[in-house]
Amino acid sequence: MKTILLTVLTILLGGLEARAFVGDSIFLPPHAGYLTTETSHFVLIYPEAYTREARESAGFLEEAYAILTKAFQYAPGHKCKIILTDNSDFANGLTSTIGLQGIVLYLIAPDPYTSVGEYDHWLRSLIVHEYAHYVTLEQRRGVFEFLKYPFGNLFFANQFWPTWISEGMAVYAESVFTGQGRGHGTYYSTITRDGLARGTLNEDHFLEFNQLSGSYPDFPFGEAAYFAGYAMIDEMINRHGANSPARFAEESSWRLPWFFNNGTLENISRDHNAETFQSLWSLWVLRAKKDLAPELAWLKAHGSADPAFVTEQGAAAIGTRLSPDGTRLAYSLTSGHEAHAIYIADLTAPHAPNEPAPAHKIEDAIANPGLAWNEDGTRLYYSKTDYTGPYSLYSDLFAYDVARGSVTRLTTGERAKDPDYCAGPGEARLVYTTQTGQSSELRTLALGSGKISTIYRAPLDHHISNPRCTADGRRVYFAEHSTTPLEAMYSVAIEGGKPVYLFGGGAQAGFGALFPEPAADGSLYFTRVLDGYYDLARWSPASKQVRLVARSSGGYWLPSLSRGQSKTQASAKMSVSFVTSTGIRAALLDPEKMEAAINASPSRPPRPTSEITHQSPKETPAPEITNSHGYNLLSSLAPRFWSPYILLADAQSQIGASLLGWDDTDQLEYTLFAWYDSLPRKPEGIFSTFHRFGSFKLNLGAASQISAFATSGNLREYNEERKFTAVLQRPFPGIFSSFTPSLVAEWGRITRDGDFSRRVFSPDQRLGANLSFNSQKRFTYSLTRETGVFLDLAGRRLYSGPFHAWKGMATVNPLIPFFPRHANISLNAYYAVSPNPDGNLPISVVRVGGAGTTSDLDPPLRGYPLGNFEARRAAVLQAEYRVPVAQIFRGLETWPLFFNNLGPYAFYDGAKLQLTTGDNSPWLASVGGGLLLNTEVGFTIPVQIRLEFAHGLNRGLNGQNAFSAGIRF
């Protein structure tokens, strides 16, 4: 869950310019027809179409307020802002106290193949988790209470917590104050048990403490901080009492952030020993090992062995699907080494046992685990997520033609997940699920006619997942999650009708049932959720009995049988996504042999007991929403924070302040930066706004400031520039690429003033456009962006009275993967042109050198001073080889510094110019290299440190040795 803090600091450190850092960061639609209403402690903002969800949220919010303000012994002194949205097919939420932004709630329920897949009522669970964030992070005392006067609502001590503290607190709240929660869910139980069984938990290669304070590059990826953070909070409570989280949040709220987390912990300890979070993590692992000892012993003696793995460790292969002939395996892969992608593995190709099978990539795609082959294995159907317009992230159906290697889109904006292929009767169809708000449906798509039909609409607040067709295509099995923690299994006719309950779900059944897979003999394989395990189980329609097929330290997800097998086949081949502590790996197994072996065990699996005491929430009637009215952005445009500004120097001093504000839905932002300047002896300032309307973004800015000055003794001369700017954009975003056209208009005038004379230059105007395409990608293990291409075409028409000129620049930057892994060659080509530069328009000249000024369409050439060459045309080529030499991914205990990776680079720059005189320059070149260190500062801010040396080879043309050091956020 994202924090706004990173972007706020980037704005403050990178220049006071209005940026969309709320609405854009979560692509919150600005045109959703928002309404607003208030309860006793909250202000709700929601699209009119989701009034029912708003009413339900209001009840859960007031319930959460009553529970959590008591649990954390703190109540905010103002109403918290809540925004409801349904523009994404990913369950999520966001909380930030910065600027008192509040909470954003995504209404869609999570899928069962996620860590949050076990819950009682999703909206209640989400609200408890997010409001626990707000109640803990919003606290500020001592100096932080004072800082709100000079800085506004910018500094909150607890907002600087490591992720594992803030998320640990929230996971603790959801696990204690709802009927389920991740703290004792099967997902966390499986990671814990499997890590202990393999002897890897809290070791250097799996969740060692120093790995937790930054990006975790392998499975469980970002979930590592949630998992370990909850464990530390759980151990804190075990040692220091149920109110220790509240005492920790209070004590921390007045202390200097980052460096004193262990000091805060020591102060709230009962015996005031030198308690540390490192020791809490180690003690929790030891306690878990002791508690799980009976299970681990039984599994060692009687449990199922690991299946045969066909994907690498550290990644997540979710949604395995065997081809009809059993020779190929399709799966969706998530890894720290590459983009999300869909692969097809060749199971007949030679490969070592438990090593990855040879596979080829279909395409980069964030795919759901529903993958389906047609009856002859010539087409693979799947669902992937992409933007539908700039503010909607929805899933749709696609088909891959194996022979042609081509992909066809089947739906647009359907929000379709987890498809399966149904061969008959009649026209072949895909069956899939879809969800809008809290309404979940089972639908079919006819592959010939394209007709979409609804088979079944679940009750509100229920969630349908992973439908699978029977071999004859007449019925569909699916799992349904109600408002109790465990899913139940149902079947329904493909033509529709009333679903038939089969088994699972609720307290009476005692177990959950997920991921159905019908077998040729009429039985049904599925994942049974029981006693903290993801068992592989089989249900017989004749006996109505469930039999255990496999139980391991890991878990069995999404079983898949080869549908080409016959009923008389002696032993079926099955694939699964096998959940382990170090990855979700695609694997193969023989279910019949495993079922026979585990049911021959002389003892039954032990039943673990949970130490968590639930404080089950009471059903709170949803308040009537009777005071709703249209959202008015002016009501929340007061400044969010501000800061003083002081610059003291011999020649020039400045004293002023800046402020930043935005409305609650971030449709309008503004920045004001004003100061008194001692050089012109008058006020100067910058004002800019950022507007989001419809599909467009508009930046407007005005500035009056000193752009250059010179002094001699007590005499002074300076340039004062006044400028107005407008930039209109219409972005076309994608998951792995984006295209952004822009229109730019500027008006500026320079006045040269001083102690001798005053000259007012003619105003100049600039009209231009940009076309930008970017498909470059960076992964967790990347040193820099390492694949894809960046293309940019920019042009400006320049005017100043009777003088005019035009200027343009094209940029092409392909990235070529190279040896070793994550190394790459960056080829950067620039071509800038201004055929008739005019001395009365200094900006019209193409200036080449240094880092360049891309905003003025001037290309770089390292090893020469900035703007060293003045030209009409310039062609510049840069080649840079980058290679990681250390994948560190370690922090320094609880210090707010995390090292990701380190690597050197070497470059060659070359250029050919047509100078303003019309002469052609000799070939200009430079060589050099540097070092890149990727870090994370303050637990949230990615910082790249770049050290570089450049040597200009043309010494007679100002080629120089240049050392530089830079920091990039």
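Quick look at the structure, then.

### Here's the deal with the overall build of the protein chain
So, step 1. Across its full length, the protein chain carries 13 helices and 50 strands.
So, step 2. Its C-alpha atoms give the protein chain a radius of gyration of 31 Å, within 12% of the compact-globule value 30 Å for 969 residues.
So, step 3. Reported as C-alpha extents along the three principal axes, the dimensions of the protein chain are approximately 100 × 65 × 55 Å.
So, step 4. Per-residue burial over the protein chain gives 58% buried out of 969 residues.
So, step 5. Sequence-distant contacts in the protein chain: of pairs separated by 6 or more residues, those separated by 24 or more amount to 56%.

### Some remarks on the state of the cysteines
So, step 1. Scanning the entire structure with this criterion turns up 1 disulfide.
So, step 2. Here Cys 422 connects covalently by a disulfide to Cys 469, the sulfurs 1.7 Å from one another. Handedness here is read from the sign of the S-S torsion; for Cys 422 and Cys 469, about 45°, the answer is right-handed. Of this pair, Cys 422 sits in strand E15 (residues 416-422) while Cys 469 sits in strand E19 (residues 463-469), and the two are 47 residues apart along the sequence. Of the two residues, Cys 422 and Cys 469, neither departs from the other in class, the shared state being buried.

### Here's the deal with the side chain of Asn 901
So, step 1. Checked against the element boundaries, Asn 901 lands in strand E47 (residues 897-915).
So, step 2. Those residues within four positions of Asn 901 in sequence are excluded, and the remaining contacts are Thr 780, Tyr 781, Ser 782, Leu 783, Ala 886, Gln 887, Ile 888, Phe 889, Leu 932, Leu 933 and Asn 934.

### Examining the packing of aromatic side chains
So, step 1. Counted under the stated rule, the structure contains 46 aromatic pairs.
So, step 2. Seen in terms of ring centroids, Tyr 781 and Phe 889 are 5.3 Å apart; in terms of plane orientation they differ by 70°. Their pairing is edge-to-face. With Tyr 781 in the loop between strand E40 (764-774) and strand E41 (788-800) and Phe 889 in strand E46 (residues 886-891), the pair connects residues that are 108 residues apart, well separated along the chain. The pair formed by Tyr 781 and Phe 889 is uniform in burial state, with each residue classed as buried.
So, step 3. What links up through ring pairs into an aromatic cluster is the set Tyr 187, Tyr 188, Phe 219, Phe 221, Phe 227, Trp 281, Trp 284, Phe 515, Tyr 534 and Trp 557.
So, step 4. Against the face of Phe 398 rests Lys 384, its NZ or CZ located 4.6 Å from the ring centre.
So, step 5. One residue, Arg 551, lies across the ring of Tyr 533, its end atom 3.9 Å from the ring centre.

### Examining the sheet that holds strand E21 (residues 488-493)
So, step 1. A sheet is described by the order of its strands in space; here 4 strands give the open sequence E19-E20-E21-E22, paired in antiparallel fashion. At either end of the open sheet lies a strand with only one pairing partner, and these are E19 and strand E22 (500-504). Averaged over all neighbouring strand pairs, the angle between strand axes comes to 25°, with direction disregarded.

### Some thoughts on helix H8 (residues 244-252)
Since there are 3.6 residues in each turn of an α-helix, residues three or four apart along the chain are aligned in direction.
So, step 1. The element H8 is largely enclosed, with a buried count of 7 among its 9 residues.
So, step 2. Listing the buried residues of H8 in full gives Ser 244, Pro 245, Ala 246, Phe 248, Ala 249, Glu 251 and Ser 252.
So, step 3. For H8, the elements touching its buried residues are helix H2 (51-71), helix H3 (122-137), helix H5 (163-177), helix H7 (223-240), helix H9 (261-268) and helix H10 (277-291).

### Considering unusual backbone geometry
Outside of glycine, negative phi angles account for most residues, and trans bonds account for most peptide bonds.
So, step 1. In the segment running from Phe 219 into Pro 220, the intervening peptide bond is cis, with an omega of 10°.
So, step 2. Relative to the elements of secondary structure, Pro 220 occurs in the loop between helix H6 (186-197) and H7.
So, step 3. Positioned with a positive phi, Glu 893 is a non-glycine residue whose angle comes to about 55°.
So, step 4. Note that Glu 893 resides in the loop between E46 and E47.
So, step 5. Despite not being glycine, Asn 958 shows a phi value in the positive range, around 70°.
So, step 6. As for its placement among the helices and strands, Asn 958 is situated in the loop between strand E49 (941-952) and strand E50 (961-968).
So, step 7. Asn 958 gets classed as partly exposed once you look at its relative accessible area, which sits at 46%.

### Focus on the nonpolar core
So, step 1. Within the largest apolar cluster, 90 residues are counted, with the highest numbers of intra-cluster contacts made by Tyr 131, Phe 277 and Trp 281.
So, step 2. Once residues lying within four places of it in the same chain are set aside, the contact partners of Trp 281 are Leu 201, Asn 202, Leu 207, Glu 208, Phe 209, Leu 212, Phe 227, Ala 228, Ala 231 and Met 232.
So, step 3. Counting 16 residues, the second largest nonpolar core, distinct from the first, contains Val 846, Val 848, Leu 861 and Val 876.

### What to know about the sheet that holds strand E14 (residues 406-409)
So, step 1. Pairing within the open sheet is antiparallel, and its 4 strands lie in the order E11-E12-E13-E14. Each having just a single partner strand, strand E11 (366-373) and E14 make up the two edges of the open sheet. Adjacent strand axes in the sheet meet at a mean angle of 30°, parallel and antiparallel pairs treated alike.

### Considering the packing of H6 against helix H11 (residues 293-302)
So, step 1. The interhelical angle for the contact between H6 and H11, taken along N-to-C directions, is 65°, at an axis separation of 11 Å. Like other packed secondary-structure pairs, H6 and H11 cross with a definite hand, here right-handed. When H6 is examined against H11, the residues Arg 193, Leu 196 and Ala 197 are found in contact with a partner set consisting of Glu 295, Leu 296 and Leu 299.
So, step 2. Split by residue class, the contact of H6 with H11 holds 4 nonpolar, no polar and 2 charged.

### Considering the pattern of salt bridges
So, step 1. Using the criterion set out here, one finds 51 salt bridges in the structure.
So, step 2. Measuring nitrogen to oxygen at the nearest pair gives 3.0 Å for the salt bridge that ties Asp 86 to Arg 415. Highlighted residues: Asp 86 in the loop between strand E3 (80-85) and strand E4 (93-96) and Arg 415 in the loop between E14 and E15, separated in sequence by 329 residues.
So, step 3. Linking Arg 198 and Asp 194 is a salt bridge whose minimum nitrogen-to-oxygen distance equals 2.6 Å.
So, step 4. Among the residues examined, Asp 194 registers a relative accessible area of 0% and is labelled buried.
So, step 5. Here the salt bridges do not stand alone but share partners, grouping Arg 862, Glu 880, Arg 882, Asp 909, Arg 946 and Glu 948 into one network.

### Quick notes on helix H13 (residues 591-598)
So, step 1. Residues of H13 that are buried: Pro 591, Met 594, Glu 595 and Ile 598. Down the axis of H13, the buried set is contained in an arc of 100°. They therefore lie on one face. In H13, the exposed positions angled more than 90 degrees off the buried face are occupied by Lys 593 and Ala 596.
So, step 2. Capping of H13 at its N-terminal end is provided by Asp 590; its side-chain oxygen lies 3.2 Å from the backbone amide nitrogen of Glu 592.

Each value, and the rule that gives it
Residues numbered from 1 in each chain as written. Predicted model: local features only at pLDDT ≥ 70, side-chain atom pairs only at ≥ 80, totals over all residues. Heavy atoms only, no water. Helix = DSSP H or I, 4+ residues; strand = E, 2+ residues; numbered from the N terminus. Rg over C-alpha atoms; globule rule 2.2 N^0.38 Å. Buried < 20%, exposed > 50% of the residue type's maximum accessible area, 1.4 Å probe, protein only. Contact = heavy atoms within 4.5 Å. Disulfide = S-S within 2.5 Å. Phe/Tyr/Trp six-rings, centres within 6.5 Å; stacked < 30°, edge-to-face > 60°. Lys NZ or Arg CZ within 6 Å of the ring centre and 35° of its normal. Pairing = 2+ DSSP bridges. Axes fitted to C-alpha atoms, helices over the stretch in contact; angles between N-to-C directions. Core = buried A, V, L, I, M, F, W, Y, C linked by side-chain atoms within 4.5 Å. Left-handed = near helix turned anticlockwise from the far one by under 90°. Nonpolar A, V, L, I, M, F, W, Y, C, P; charged D, E, K, R; others polar. Salt bridge = Lys/Arg side-chain N within 4 Å of Asp/Glu carboxyl O. Arc of directions from axis to C-beta. Polar contact = N/O pair within 3.5 Å; in protein donor to acceptor, adjacent residues only side chain to side chain.

Without other data, these values stay purely geometric and don't point to any function.
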